[in-house]
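Each chain is listed here by its residues.
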Amino acid sequence: MDVRLSVAPMMDWTDSHCRVFHRLLAPHARLYTEMVHANAVIHGDRGRLLAMDPVEHPVALQLGGSEPALLARAAVIGAQRGFDEINLNVGCPSDRVQAGRFGACLMREPGLVADSVAAMGEAVAALPRPVPVTVKCRLGVDDDHEFDRFLAFIDTVAAAGCRMFVVHARNAWLQGLSPKQNREVPPLRYDWAYALKRERPGLAVVVNGGIATLDEATAHLAHVDGAMLGRAAYHDPYLLHCLDVEWFGGERRSRASLLRDLRPYVERQLAEGVFLKHVTRHLLGLFHGQYGGRAFRQVLSEGAHRPGADWSLVEAALAVTGDAARAAA
Ligand SMILES: Cc1cc2nc3c(=O)[nH]c(=O)nc-3n(C[C@H](O)[C@H](O)[C@H](O)COP(=O)(O)O)c2cc1C
């Protein structure tokens, strides 16, 4: 599988509407869901939690949890619903997640992660359409600064059958930092991800954390198999389009023409009773840094809450952008 370009799993952000939009911009990117706890997959409202549109492929379901049997059941449910990869979260530092003994604190329990990966892998291997089980992790937690410890973690989990690791290339500090600070304060160490690829060339290594431009993302490809973008992809989604064209070929299209491709999806959602604002909240950054970008945001965010808001609002927002000015010239 081609793992060069991917969009990070982000709670409250990478829901199905967001992923459909990102797919239009970047036909070759791997997309990830928000993290869903294995228990929620098993007992919760699957129609809502595992919502996915067929255009999203390839798309990975990210699971949280640390009970191998539950994770295995959730992985089977995800694979049966059509997800192309099941990814285990070993990077989330929130207090709630630590209390549940999953996420980043699992960096300290390589044996448990290995057992989880093995159980998930065995369960999905028995399906008619097996899918890979992958792990997204940090470099370590708190003051772990030994590369060998990180490598030992990876080796233990790889021995259980994981062939691809997404490495958010910084530690998680489990005390005293909020999840947001944990994405900013601990220093980035891309060299560890690069060294992992050098030491274990048979594993697919995707680097994540702080990648903000086309040049930065491209530079990583000289060292690892892929780059995963989170916040930059969300706040400046046109960057995804530029990366997709640069790496996979094709012509760059205007923001307006890309956005208009979303119209049939939006109209289908509206017909099903979804409010426009649930889709348009993910579009606000499309004209990031462009002439009219702020006005585009404003028209969408003010208008999308009004009862009856429909596609005409998106056209009104497009009309205040530089793309409209260019088209009119
Ligand atoms: C709003 C938000 C929610 C996130 N939720 C998740 C999540 O559910 N699972 C996960 O593995 N990482 C989550 N992350 C972390 C991102 O996947 C990524 O590792 C992190 O933002 C660093 O990449 P970036 O600098 O490109 O944003 C989240 C990040 C943000 C900003």
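Residues numbered from 1 in each chain as written. Predicted model: local features only at pLDDT ≥ 70, side-chain atom pairs only at ≥ 80, totals over all residues.

## Things to note about the overall build of the protein
Helix and strand content of the protein: 17 helices and eight strands. The C-alpha radius of gyration computed for the protein amounts to 20 Å, which stays within 12% of the reference 20 Å derived for 329 residues, consistent with globular compactness. Dimensions of the protein, computed from C-alpha atoms along their principal axes, come out at roughly 60 × 40 × 40 Å. Long-range pairs, those at least 24 residues apart, make up 71% of the contacts in the protein with a sequence separation of at least 6. (Helix = DSSP H or I, 4+ residues; strand = E, 2+ residues; numbered from the N terminus. Rg over C-alpha atoms; globule rule 2.2 N^0.38 Å. Contact = placed C-beta atoms within 7 Å.)

## Considerations on the UniProt feature "domain: DUS-like FMN-binding" (unreviewed entry) in the protein
UniProt tags residues 7-310 as "domain: DUS-like FMN-binding" (unreviewed entry). From the first C-alpha to the last, residues 7-310 spans 27 Å; its make-up is 43% helix and 13% strand. (UniProt positions renumbered as here; feature names shortened; annotations may be inferred.)

## Notes on the sheet that holds strand S4 (residues 85-90)
Overall, parallel pairing links the eight strands, which are arranged S1-S2-S3-S4-S5-S6-S7-S8 in a closed barrel. On average, each strand axis in the sheet is tilted by 25 degrees relative to the strand beside it, whichever way the strands run. Here three bridges tie strand S1 (residues 5-7) to strand S8 (residues 226-229), and the two strands are oriented parallel to one another. By the bridge assignment, Leu5 is partnered in S8 with Ala227. (Pairing = 2+ DSSP bridges. Axes fitted to C-alpha atoms, helices over the stretch in contact; angles between N-to-C directions.)

## A word on the pairing of strand S6 (residues 164-168)
Here S6 lies mainly inside the structure; five of its five residues are buried. A crossover connection joins strand S5 (residues 133-137) to the parallel S6 through helix H7 (residues 147-159); in handedness this β-α-β unit is right-handed. Sheet topology places S6 next to strand S7 (residues 204-208); five bridges connect them, and they run parallel. Along S7, the bridge assignment pairs Val166 with Val206. Handedness of the crossover joining S6 and S7 through helix H8 (residues 190-199) is recorded here as right-handed. (Buried ≥ 20, exposed ≤ 12 C-beta atoms within 10 Å, placed from the backbone. Right-handed = clockwise from strand over helix to strand, strands pointing away.)

## Considerations on the domain arrangement of the protein
In terms of domain boundaries, the protein breaks down into domain 1 (5-248) and domain 2 (255-328). One C-alpha centre belongs to domain 1, the other to domain 2, and the line joining them spans 30 Å. With twelve residues of domain 1 at the interface, the matching set in domain 2 holds twelve residues. For the side of domain 1 that touches domain 2, the leading source of residues is helix H1 (residues 16-25), giving six residues. (Domains from an automatic or database assignment.)

## Side note on the UniProt feature "site: Interacts with tRNA" (unreviewed entry) in the protein
Here the UniProt-annotated "site: Interacts with tRNA" (unreviewed entry) positions come out as Asn89, Lys180, Arg183, Arg294 and Arg297. These residues run over 209 residues, and the two farthest C-alpha atoms among them are 34.6 Å apart, placing them at more than one spot. Classification of Asn89 as buried rests on a count of 24 C-beta atoms within 10 Å.

## Points about unusual backbone geometry
The linkage connecting His57 with the following residue, Pro58, adopts the cis geometry, with an omega of -5 degrees. In this fold, Pro58 is placed in the loop between helix H3 (46-49) and strand S3 (59-64). Within the chain, Asp12 stands out as a residue other than glycine whose phi angle is a positive 70 degrees. Locating Asp12 in the fold gives a position in the loop between S1 and H1. Phi angles above zero are rare outside glycine, and Arg101 is one such case at about 60 degrees.

## With respect to the environment of Arg73
One can find Arg73 in helix H4 (residues 68-80). Taking the number of C-beta atoms within 10 Å as the measure of exposure, Arg73 has 18 and is therefore partly exposed. In this structure, the C-alpha to C-alpha distance between Arg73 and Val41, residues 32 residues apart in sequence, is 8.7 Å.

## Examining the site of the ligand
Surveying the vicinity of the ligand reveals 23 residues, the closest of which are Ala8, Met10, Met35, Gly230 and Arg231. Breaking the shell around the ligand down by element, the ones donating at least two residues are strand S2 (30-37) and helix H10 (231-235). Considered class by class, the residues forming the shell around the ligand number ten nonpolar, eight polar and five charged. (Near = placed C-beta within 6 Å. Nonpolar A, V, L, I, M, F, W, Y, C, P; charged D, E, K, R; others polar.)

## Here's the deal with H8
Here H8 has its buried residues at Tyr190, Trp192, Ala193, Leu196 and Lys197. The buried side chains of H8 occupy one side of the element, clustering within an arc of 165 degrees when seen end-on. Turned more than 90 degrees from where H8 packs its buried face, Asp191 and Arg198 sit exposed. Against the buried residues of H8 lie H7, S6 and S7. (Arc of directions from axis to C-beta.)

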